Amino acid sequence: QVQLVESGGGLVQAGGSLRLSCAPSGRTFSSYAMGWFRQAPGKEREFVARISSSGGYTDYADSVKGRFTISRDNAKNTVYLQMNSLKPEDTAVYYCAADRGGWSTRRSDYDYWGQGTQVRVSS
């Protein structure tokens, strides 16, 4: 069974940093584009960042551009989301996802999802 397992969430003060990790199990995702999404209470799940299969291309939502960095280590089959200068509005459950088809910001295009990891940013 294919699973994506996120870790690294927690409680942090505004201005702080966290690094999320996503480690798939059951198969390798080195040929998949990978993305991070988030869902705040009462809101829809939204795109945060994506990275191409090779790691050569990245893309970010405007709300996190310049503060978050997505990266991947295909040798370790792991994707990361480094989050700096965190704000209370970044509070959400963060999800890792794998896109077999290519390069998308739409959650419906992603084929595999993790269970999510909670990030809380206090003011």
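Per chain, the residues get numbers from 1 upward, laid out in the order the sequence is written. Reporting in this predicted model follows two pLDDT cut-offs: at least 70 for local features of residues, and 80 or more for side-chain atom pairs to be given and counted; totals over whole chains, interfaces and linings ignore these cut-offs and use all residues. Side-chain descriptors were evaluated using all non-hydrogen atoms of the structure, hydrogens and water having been removed beforehand.

For the rest of this paragraph, the subject is the nonpolar core. We define the nonpolar core as a collection of buried residues of types Ala, Val, Leu, Ile, Met, Phe, Trp, Tyr and Cys that are connected through side-chain atoms lying within 4.5 Å of one another. Buried means the residue's accessible area, taken with a 1.4 Å probe over protein chains only, is under 20% of the maximum for its type, while exposed means over 50%, and partly exposed covers the values in between. Counting residues in hydrophobic clusters, the biggest one holds 32 residues, and the most contacted among them are Met 34, Trp 36, Leu 81, Met 83 and Tyr 94. Helix numbering and strand numbering both begin at the N terminus, where a helix is a DSSP run of H or I of at least 4 residues and a strand a DSSP run of E of at least 2. Secondary structure elements with two or more residues in this core: β3 (18-25), β4 (33-39), β5 (46-51), β7 (68-73), β8 (78-83), β9 (92-99) and β11 (117-122). At five residues, the largest contribution of residues to this core is made by β9. Only heavy atoms matter for contacts: two residues are in contact if any of them lie within 4.5 Å across the pair. When residues no more than four places from it in sequence are discounted, the contact partners of Met 83 are Gly 16, Ser 17, Leu 18, Leu 20, Arg 67, Phe 68, Tyr 94 and Val 119.

Attention shifts here to the packing of aromatic side chains. The geometry of two aromatic rings is summed up by the distance between their centres and the angle between their planes. Between rings of Phe, Tyr and Trp, where Trp is taken as its six-membered ring, a pair exists when centres lie within 6.5 Å; planes separated by under 30 degrees are stacked, by over 60 edge-to-face, and by other angles tilted. Per the stated rule, a full pass over the model turns up eight aromatic pairs. The interplanar angle of 55° and the centroid separation of 5.0 Å between the aromatic rings of Phe 37 and Trp 113 together place this pair among those described as tilted. You can see Phe 37 sitting in strand β4 and its partner Trp 113 sitting in strand β10 (residues 112-113), a full 76 residues away along the chain. Accessibility expressed as a relative area gives 26% for Trp 113, which makes it partly exposed. Through successive ring pairs, a cluster of aromatic residues spans Phe 37, Phe 47, Tyr 95, Tyr 110 and Trp 113.

Attention now moves to the pairing of β7. Side chains Phe 68, Ile 70 and Arg 72 of β7 all project onto a buried face; the interleaved residues Thr 69, Ser 71 and Asp 73 project onto a face where none is buried. Strand direction decides the pairing type here: β7 and β8, joined by six bridges, are antiparallel. Within β8, the position partnered with Phe 68 by the bridge is Met 83. DSSP-based pairing: two strands are paired if at least 2 bridges between them are found. The loop that links β7 with its antiparallel partner β8 comprises four residues; one of these, Asn 77, has a positive phi angle of about 55°.

Without other data, these values stay purely geometric and don't point to any function.
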